[in-house]
Amino acid sequence: MTEAAVSLGVDVGGSSVKAVLMRDGAVVGEGASGAYARPGADEIRAAVDGAVGQCRAAAGSLGAGSLDVAGVGLCLPGRFDAERGCVMRSVNAPGLEGVTVGDLISGAW
C-alpha cells in the first residue's frame, strides 16, 4: 500500500490568509485568518500559522491519517525575487517585503 499524497496550499493575500490541505486530491482541511490591513511580518506569520493550524485540526478530526506534506503551493502578493527567495515589493502587505519564504512558513507546520 502506498502512502497518500498530501499537499498544502497557502494564499497570503492583502487582507487575509487562506489555506487548504489536500490528500489524494481531496480537501481534508481548510483554514483562514482574520482580516488585516497592511500587516507587518509578525502579523502575517501569525496569520499563516493560524490558517495552517486550522487545516491540521480539521484534517485530524476527519481521520486523515498521515499528514506528511509532500508539497506546498504558496501565493504571495507583490513582486517576487526568486534569487533572494522573497517578495521585494508588496503594496497591500508591506510586512512581506524582504521576508524569505522559508522564514514565512517555517513555523506553520
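Above this text sits the structure in question.
All figures in this text were calculated on a predicted structure; none of them were measured in a lab.

S.K.: I keep staring at the nonpolar core and nothing clicks. Help me out?
M.R.: For soluble globular proteins, the rule of thumb is that nonpolar side chains tend to be buried together. Of all hydrophobic cores here, the largest spans 23 residues; its most connected members are Val10, Val12, Val17, Val48, Leu96 and Leu104. Only strand 1 (6–12), strand 2 (17–23) and helix 1 (41–61) provide two or more residues apiece to this core. No other element matches helix 1, which puts seven residues into this core. Contact partners of Val10, with chain neighbours within four places excluded, come to Val17, Lys18, Ala19, Val48, Val52, Gly73, Leu74 and Cys75.

S.K.: Where do I start with the environment of Val99 in this structure?
M.R.: Here Val99 lies in the loop between strand 6 (86–89) and helix 2 (101–105). For Val99, a relative accessible area of 14% translates into the label buried. Each residue touching Val99, except ones within four places of it in the same chain, is listed here: Ala41, Arg45, Gly85, Cys86, Val87 and Leu104.

S.K.: It is not clear to me how the pattern of salt bridges should be interpreted in this structure. Could you clarify?
M.R.: Opposite charge on two side chains allows them to pair when their charged atoms are near. The final tally for this structure, using the stated rule, is four salt bridges. Its salt-bridge partner being Arg45, residue Asp42 comes within 2.9 Å of it at the nearest N-O pair. Residue Asp42 and its partner Arg45 are located together in helix 1, separated by three residues, close to a single helical turn. A residue is classified by how much of its surface remains accessible, and Asp42, at 61% relative accessible area, is exposed. Within the structure, one salt-bridge network assembled from shared partners comprises Asp42, Arg45 and Asp103.

Conventions we followed
Residues numbered from 1 in each chain as written. Predicted model: local features only at pLDDT ≥ 70, side-chain atom pairs only at ≥ 80, totals over all residues. Heavy atoms only, no water. Core = buried A, V, L, I, M, F, W, Y, C linked by side-chain atoms within 4.5 Å. Buried < 20%, exposed > 50% of the residue type's maximum accessible area, 1.4 Å probe, protein only. Helix = DSSP H or I, 4+ residues; strand = E, 2+ residues; numbered from the N terminus. Contact = heavy atoms within 4.5 Å. Salt bridge = Lys/Arg side-chain N within 4 Å of Asp/Glu carboxyl O.

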